[in-house]
Amino acid sequence: MRLMQLTRLGGGSPGSLGIPRPHECFVRSLRVVPIPEIAEDAEDSALTLTVVMFLLRFGEEIWCEHSTGCEGLLSSNPVSEAESHIYSTSRSNPLSSQVSRCLLSGRNEVQSWTTAVNQSLHMVWQKIKRQLILVMSFLLAALWYCRRLYAYLAQLLKWWSRYLQRKFKKNLSVLAEVDLLGYCAREWKGETKQAKQMKAAYEELFWKHHIKYIRQVRRDNYCALRAVLFQVFSQGIYFPSWMKERDILKLPEKLLYSQGCNWIQQYSFGPERYTGANVFGKLRKCMETLKTQWTEISGVKDHDERGNMCNILFSDESKEYKLYEAIKFIMLYQVVEAYEQMKNEQKRVPVLFSLLFARDTSSDPLSFMMNHLNSIGDTGGLEQVEMFLLGYLLEVNIRVYRLYKFNTEEFQVNYPEEYHRDWQEVSLLTEDDHHYHIPIIRI
């Protein structure tokens, strides 16, 4: 019977250092040695097993002797002293030489593995360093671009939201009616002398003049024009008599060619300054808008439907500003007509024109336009003389309740003072002669 060749015996290391047992090293050294032919009888087999067991036991004893010394030396000086001790003992004992070679080969493997890892990392870093720098530069540029794009989109969104609010928000210029005394309580909460005067004036309007509600008008330099025109349209008041006899669309050309007023090219459209040759085209568009809207709204008989049409019209800034500029130009036309009549003494003109030309800043139509009319809608509103002129050209009586003049004769005034009894009436309410609101009478 033939025994199989021994290749590996034993499992893990018993020591804390992870060093293989000496008998394992011994057996590994014998893994290629062929076992001689052994007799097939039982006696030869028993002899062979006895020899093998003796060799294993001898190796175990040698391991126990040297393990204690190696562990102590490795703990105090794991490199130099342990290796020296192993080397000295290996000279006296061949089996210890096998153990020494195992330990030294393990350390060499660890050192070679560490060196290989370091070299690999260094090579990898040299290869990816440029690519990494390029990637980081790209990321920084992308981040900067994204921040600029975000700022631009935020600004664009802000502008677009404001545009939509101006475009679709209803009753922006003239708000819905609210209770008069409730409005007074919100606006004048203090106990100062002015607050007490305003509260008394509002109570006077509520109880004596039957003004129960108020419609707030946007506070800008078109305020008076807006409040008057809104009521003219909402009440269905038709064109004044003198407009029926003239085509208002031809008024700009008439002033230029018939009366030689070439200075109207310096006419300003509210915040807009000198417009030059474009002034005639813009004035014609304004006159067309006024005529079209006035004709359409005044032709509606139902009061509620007219009110809805006015709310829509006075929510469109572009259209309503054209209305105001058209009225301003008609005021200029009336001043030019009156000035020519006074100059030629053709017929008697209303007193309001004498007051207008008596001012140093409006002694003629040109100075009136440059010093007063062009500022309306831009830096100033209507003064009292312009209020007289507005009522005259529209042929309406503008009744104004001036609250800061409470308990005086000027608390309630009419523009113009010389008005016809058949003229329609519109009412305004003001606290300072600059900003006007619309009072609503309920009996």
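Residues numbered from 1 in each chain as written. Predicted model: local features only at pLDDT ≥ 70, side-chain atom pairs only at ≥ 80, totals over all residues. Heavy atoms only, no water.

## Some points on the overall build of the protein chain
Across its full length, the protein chain holds 15 helices and six strands. Burial analysis of the protein chain (443 residues in total) assigns 38% to the buried set. For the protein chain, the computed accessible surface area is about 26,800 Å², with 56% contributed by carbon and sulfur atoms. (Helix = DSSP H or I, 4+ residues; strand = E, 2+ residues; numbered from the N terminus. Buried < 20%, exposed > 50% of the residue type's maximum accessible area, 1.4 Å probe, protein only. Areas by Shrake-Rupley, 256 points an atom, 1.4 Å probe, with all protein chains shown as cover.)

## Looking at the pattern of salt bridges
Counted under the stated rule, the structure contains 17 salt bridges. As a salt-bridge pair, arginine 442 and glutamate 177 come within 3.4 Å of each other at their nearest N and O atoms. Here the residue arginine 442 occupies a position in the segment after β6 (436-441), and glutamate 177 occupies one in strand β1 (residues 174-179), the gap between them amounting to 265 residues. Take arginine 442: its relative accessible area is 37%, and that puts it in the partly exposed class. Among the residues examined, glutamate 177 registers a relative accessible area of 36% and is labelled partly exposed. One continuous salt-bridge network, built from bridges that share partners, spans Arg218, Asp220, Arg226, Glu317 and Glu320. (Salt bridge = Lys/Arg side-chain N within 4 Å of Asp/Glu carboxyl O.)

## Considerations on helix α10 (residues 279-298)
Its 20 residues place the ends of α10 28 Å apart at the C-alpha level, agreeing with the 28 Å of an ideal helix rising 1.5 Å per residue. Burial in α10 covers these residues: Val279, Phe280, Leu283, Cys286, Met287, Thr289, Leu290, Gln293, Trp294, Ile297 and Ser298. Structurally, α10 contributes buried residues whose contacts are with α7 (223-234), α8 (241-244), α9 (251-258), α11 (303-313), α12 (317-344) and α15 (384-394). (Expected span 1.5 Å × (residues − 1). Contact = heavy atoms within 4.5 Å.)

## Details of the sheet that holds β1
If you walk across this open sheet you meet the six strands as β1-β2-β6-β5-β3-β4, and the pairing is mixed. Of all the strands in the sheet, the pair left with one neighbour each is β1 and β4 (412-415). Between one strand axis and the next, the sheet turns through 35° on average, direction left out of account. In this sheet, β4 lies alongside strand β3 (residues 396-402) in antiparallel orientation, the contact comprising four bridges. (Pairing = 2+ DSSP bridges. Axes fitted to C-alpha atoms, helices over the stretch in contact; angles between N-to-C directions.)

## Some points on the environment of phenylalanine 329
In this fold, phenylalanine 329 is placed in helix α12. With 77 residues separating them in the primary sequence, phenylalanine 329 and proline 252 have C-alpha atoms 8.3 Å apart. Not counting residues within four places of it along the chain, the set of residues in contact with phenylalanine 329 comprises Leu251, Pro252, Leu255, Tyr267, Leu283 and Met287.

## Details of the packing of helix α5 (residues 180-187) against helix α6 (residues 193-207)
Two packed helices can be described by the angle between their axes and the distance between those axes. Between α5 and α6, the least distance of the axes is 10 Å, while the angle of their chain directions is 175°. Relative to α6, the element α5 is oriented roughly antiparallel. Residues Leu180, Leu181, Tyr183 and Cys184 of α5 pack against Met198, Lys199, Tyr202, Glu203, Leu205 and Phe206 of α6. Split into classes, the residues belonging to the contact of α5 with α6 amount to eight nonpolar, no polar and two charged. (Parallel < 35°, antiparallel > 145°, perpendicular 65-115°, else oblique. Nonpolar A, V, L, I, M, F, W, Y, C, P; charged D, E, K, R; others polar.)

## Some remarks on the packing of aromatic side chains
Geometrically, a pair of aromatic rings is defined through the distance of the ring centres and the angle of the planes. If you walk through the whole model with that rule in mind, you get 19 aromatic pairs. On the basis of an interplanar angle of 50° and a centroid distance of 6.1 Å, the ring pair of tyrosine 321 and tyrosine 324 is categorised as tilted. One end of the pair is tyrosine 321 and the other is tyrosine 324, both in helix α12 and three residues apart, which spans about a single turn. Owing to a relative accessible area of 26%, tyrosine 321 belongs among the partly exposed residues under this scheme. Residue classification places tyrosine 324 among the buried positions, given a relative accessible area of 0%. Note on phenylalanine 388 and tyrosine 415: the rings are 4.9 Å apart at their centroids and 75° apart in plane angle, and the pair reads as edge-to-face. Of the two residues, phenylalanine 388 sits in helix α15 while tyrosine 415 sits in strand β4, which places them 27 residues apart along the sequence. Taken together through their ring pairs, the aromatic side chains of Phe230, Phe233, Tyr238, Phe239, Trp294 and Phe314 make up a single cluster. Between lysine 212 and the ring centre of phenylalanine 206, over which it is positioned, the NZ or CZ distance is 4.0 Å. Above the ring of phenylalanine 269, the side-chain terminus of lysine 282 is found at 4.7 Å from the ring centroid. (Phe/Tyr/Trp six-rings, centres within 6.5 Å; stacked < 30°, edge-to-face > 60°. Lys NZ or Arg CZ within 6 Å of the ring centre and 35° of its normal.)

## Points about the nonpolar core
Ranked by internal contacts, the top residues of the largest apolar core, which has 76 residues, are Phe233, Leu332 and Ile398. Per-element tally for this core: the top contributor is α12, with twelve residues. Excluding its chain neighbours within four sequence positions, the residues that come into contact with leucine 332 are Trp263, Ile264, Tyr267, Pro365, Phe368, Met369 and Leu373. Among the nonpolar cores identified, the runner-up in size contains 17 residues, and Leu180, Trp188, Tyr202 and Leu403 belong to it. (Core = buried A, V, L, I, M, F, W, Y, C linked by side-chain atoms within 4.5 Å.)

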